[in-house]
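So you can see what is in the structure, the chains are spelled out below.
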Amino acid sequence: MTKRFRRLLALTLSPAILAGLEERRVGNIFQTVATPGDAVRQSAILVLSIAAGIFLVVATVAAYAIFRFRRRPGDDLTEPPQVYGSTQIEIAWTVIPLLIVFVLIGVTARVVAGVQDHPIPKDAIHATVVGHQWWWEIRYPDYGFTTANELHVPVSEKPGETPTVLRLQSMDVIHSFWVPQLAGKTDVIPNRENVMWIDPRETGIYFGNCAEYCGTQHAGMLLKVIVHQKAEFEAWVASQQQVAAEDASAAAGRATFESLACVNCHAIRDTPAQAGHTGRGKFGPDLTHVASRLTLASGVITNTPEHLREWIRDPQVAKPGNFMPAMQLTEQQIKDVAAYLETLK
Ligand SMILES: [Cu+2]
């Protein structure tokens, strides 16, 4: 089975079917572990049950009619009597669906308002998630660092205890932020900031996707939410706030990186490759701690030394159409630059 097909399955099927395939939490909207996700699950179940009820009634009546009034041998084949107009039936099939629709509107509006107006405690964590074609920039304004594609948050033992508030922005086209086990989709729209929040109650890694078609690599715009115990989250924040210690063996790679156009698109904090006011170093993911990430290229490849070298050699192989060009480096340059990036833990 191809990786992409498996990914698609993982997003649509239940974990039982997938158990042998992938050791990870799949994006199943029926296994929610956060307050907004729970609300979405409950309303989804209500809508599904109403739809199932309607289906049962219609299918039963149709099956009865088909069976009861089927053609039998010896039937005379002229048209049967035609009956026109019944005020009662017409009122019934107008009023009943209207009532059902109003119930659904009411329930949905209540869920949306409940999630939107939920009080957010003062010590909530704040992150800004910026959709780019085709990766996620993740800024922690209160902590002063930027990362990519993997959103780290603390666990909430009690509902809403330490929620993370997400400010969603787009650099280019419309994207949509969706982590099915945590919350409903929220669109990520240029020139607008949508706000949502999550309060996962179980530690672990939750998978998400861009859920609004945004171009060639839309399906390669995966994201992970990594939920830590509180102390672990604080340790992660502290390590991201530091910069990696300079490593003498990486000097050649660092010099190569800084001499190439890499720095026009990528920032590395506290080095000459710092993000500039002109937008320099902001087009691609911040690489200050690139070696600490689980994946590269928005979940498309795992972060191994070999994948990193292949990525630098030609990013178009793993993720065709993405906006990082093959930089035509020599094998030695690739080795050096990759070795340098590997030190950025
Ligand atoms: Cu997309």
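On a predicted model such as this, the values are computed, not experimentally measured, just so you know.

A.B. asks: Would you explain the overall build of the protein chain in this entry?
C.D. replies: Looking only at helices and strands, one finds 10 helices and 12 strands in the protein chain. By the compact-globule yardstick of 20 Å for 345 residues, the protein chain is too spread out, its C-alpha radius of gyration being 26 Å. When its C-alpha atoms are laid out on the principal axes, the protein chain stretches across 95 × 50 × 40 Å. When the 345 residues of the protein chain are sorted by exposure, 40% land in the buried category.

A.B. asks: How should the sheet that holds strand β2 (residues 135-140) be read in this particular structure?
C.D. replies: Strand pairs in the sheet, formed through backbone hydrogen bonds, run parallel or antiparallel to each other. Across the sheet, which stays open at both edges, the five strands sit in the order β3-β2-β1-β5-β8 with mixed pairing between neighbours. Both edges of this open sheet fall to β3 (145-148) and β8 (194-198), since each of them pairs with a single strand only. Along the sheet, successive strands turn relative to each other by an average axial angle of 25°, direction set aside.

A.B. asks: Just to check I follow, could you spell out the domain arrangement of the protein chain for this structure?
C.D. replies: Accessible area lost on assembly of the parts is the figure often given for the size of an interface. You can read the domains of the protein chain as domain 1 (35-72 + 79-116) and domain 2 (248-342). If you average the C-alpha positions of domain 1 and of domain 2, the two centres end up 55 Å apart.

A.B. asks: Would you mind going over the packing of helix α3 (residues 35-68) against helix α4 (residues 87-116) with me for this structure?
C.D. replies: In a pair of packed helices, the angle between the axes and the distance between the axes together describe the arrangement. Orientation of α3 relative to α4, taken along the N-to-C sense of each, is 170°, at an axis distance of 9 Å. Here α4 runs roughly antiparallel to α3, going by the angle between their axes. Judged by residue contacts, Pro36, Ala39, Val40, Ser43, Leu46, Val47, Ile50 and Ile54 of α3 engage Ile100, Leu104, Val107, Val111 and Val115 from α4. By residue class, the composition of the contact of α3 with α4 is 12 nonpolar, one polar and no charged.

A.B. asks: Looking at this structure, how should I read the coordination of the copper ion?
C.D. replies: Ideal coordination angles are 109.5 degrees for a metal with four donors arranged tetrahedrally and 90 or 180 degrees for a metal with six donors arranged octahedrally. Coordination of the copper ion by the protein is provided by Cys210 (SG), Glu212 (O), Cys214 (SG) and His218 (ND1), with metal-donor distances spanning 2.0 to 2.6 Å. One can describe the site at the copper ion as tetrahedral: its four donor atoms subtend angles covering 88 to 126° at the metal. Expressed as a motif, the donor residue spacing for the copper ion is C-x1-E-x1-C-x3-H. A relative accessible area of 3% places Cys210 in the buried class.

A.B. asks: Would you mind going over the nonpolar core with me for this structure?
C.D. replies: As a rule of thumb, soluble globular proteins bury nonpolar side chains together. One finds Leu151, Leu166, Phe177, Ile198 and Val225 to be the most contacted residues of the largest nonpolar core, which totals 32 residues. Every element with two or more residues in this core is listed here: β1 (125-132), β2, β4 (150-154), β5 (164-170), β8, β9 (204-210), β10 (222-228) and α5 (230-241). Those residues in contact with Val225 that sit more than four places away from it in its chain are Leu151, Val153, Val179, Leu182, Ile198, Gly204, Ile205 and Tyr206. Judged by nonpolar contacts, the second largest core, of 23 residues, contains Leu287, Ala297, Ile301 and Ile334.

A.B. asks: Would you mind showing me how to read the sheet that holds β9 here?
C.D. replies: A sheet is described by the order of its strands in space; here five strands give the open sequence β4-β10-β9-β6-β7, paired in mixed fashion. Bordering the open sheet on either side are β4 and β7 (186-188), each of which pairs with just one other strand. Averaged over all pairs of adjacent strands, the angle between strand axes in this sheet comes to 25°, irrespective of strand direction. With five bridges connecting them, β4 and β10 associate as parallel partners. The residue bridging Val153 from the neighbouring strand is Val227, located in β10. Along the sheet, α5 contacts β4 and β10; its crossing angle with β4, the most-contacted strand, is approximately 135°.

A.B. asks: Would you mind going over the pattern of salt bridges with me for this structure?
C.D. replies: Side-chain pairs of opposite charge can arise whenever the charged atoms involved come near each other. Counted under the stated rule, the structure contains nine salt bridges. One salt bridge in this structure joins Arg254 and Glu246, with 3.5 Å as the shortest N-O distance. In this structure Arg254 comes out as buried when scored by relative accessible area, which is 18%. Salt bridges sharing partners connect three or more residues here, namely Asp38, Arg41 and Arg201.

A.B. asks: What is the right way to read the pairing of strand β6 (residues 175-178) from this model?
C.D. replies: Burial along β6 is two-sided: His175 and Phe177 facing one way and Ser176 and Trp178 facing the other are all buried. As judged from the two bridges shared by β6 and β9, these two strands associate in the antiparallel manner. Among the inter-strand pairings, Trp178 is bridged to a residue of β9, identified as Asn209.

A.B. asks: What should I look at first to understand the side chain of Gln133 in this one?
C.D. replies: Relative to the helices and strands, Gln133 is located in the loop between β1 and β2. In contact with Gln133, other than residues within four places in its own chain, are Asp172, Val173, His175, Cys214 and Phe323.

A.B. asks: What should I look at first to understand a nonpolar patch on the surface in this one?
C.D. replies: Taken together, Leu98, Val101, Phe102 and Ile105 make up a surface patch of nonpolar side chains, about 390 Å² in accessible area. The residue Leu98 is located in helix α4 in this model.

A.B. asks: Would you mind showing me how to read the environment of Met324 here?
C.D. replies: On the secondary structure map, Met324 appears in the loop between α9 (315-318) and α10 (331-342). For the pair formed by Met324 and Ile301, sequence separation is 23 residues and the distance between their alpha carbons is 15 Å. Residues in contact with Met324, not counting those within four places in the same chain, are His266, Trp311, Ile312, Pro315 and Gln316.

A.B. asks: What am I meant to see in the packing of aromatic side chains here?
C.D. replies: Each aromatic ring pair is specified by the distance between its two centres and by the angle formed by the two planes. If you walk through the whole model with that rule in mind, you get 12 aromatic pairs. One aromatic cluster in this structure is built from Tyr140, Tyr143, Phe145, Phe233 and Trp236. The ring of Phe67 has Arg70 lying over it, and the distance from NZ or CZ to the ring centre is 4.4 Å. Above the face of the Trp178 ring, Lys185 is positioned so that its terminal group lies 4.7 Å from the ring centre.

Reading the values: the criteria
- Residues numbered from 1 in each chain as written.
- Predicted model: local features only at pLDDT ≥ 70, side-chain atom pairs only at ≥ 80, totals over all residues.
- Heavy atoms only, no water.
- Helix = DSSP H or I, 4+ residues; strand = E, 2+ residues; numbered from the N terminus.
- Rg over C-alpha atoms; globule rule 2.2 N^0.38 Å.
- Buried < 20%, exposed > 50% of the residue type's maximum accessible area, 1.4 Å probe, protein only.
- Pairing = 2+ DSSP bridges.
- Axes fitted to C-alpha atoms, helices over the stretch in contact; angles between N-to-C directions.
- Domains from an automatic or database assignment.
- Parallel < 35°, antiparallel > 145°, perpendicular 65-115°, else oblique.
- Contact = heavy atoms within 4.5 Å.
- Nonpolar A, V, L, I, M, F, W, Y, C, P; charged D, E, K, R; others polar.
- Donors = N, O, S within 2.8 Å, 3.2 Å for Na, K, Ca; no water.
- Tetrahedral: all angles 85-135°; square planar, octahedral: opposite > 155°, others 65-115°.
- Core = buried A, V, L, I, M, F, W, Y, C linked by side-chain atoms within 4.5 Å.
- Salt bridge = Lys/Arg side-chain N within 4 Å of Asp/Glu carboxyl O.
- Patch = residues over 30% accessible without salt bridge, like charges linked within 9 Å, V, L, I, M, F, W, Y side chains within 5 Å.
- Areas by Shrake-Rupley, 256 points an atom, 1.4 Å probe, with all protein chains shown as cover.
- Phe/Tyr/Trp six-rings, centres within 6.5 Å; stacked < 30°, edge-to-face > 60°.
- Lys NZ or Arg CZ within 6 Å of the ring centre and 35° of its normal.

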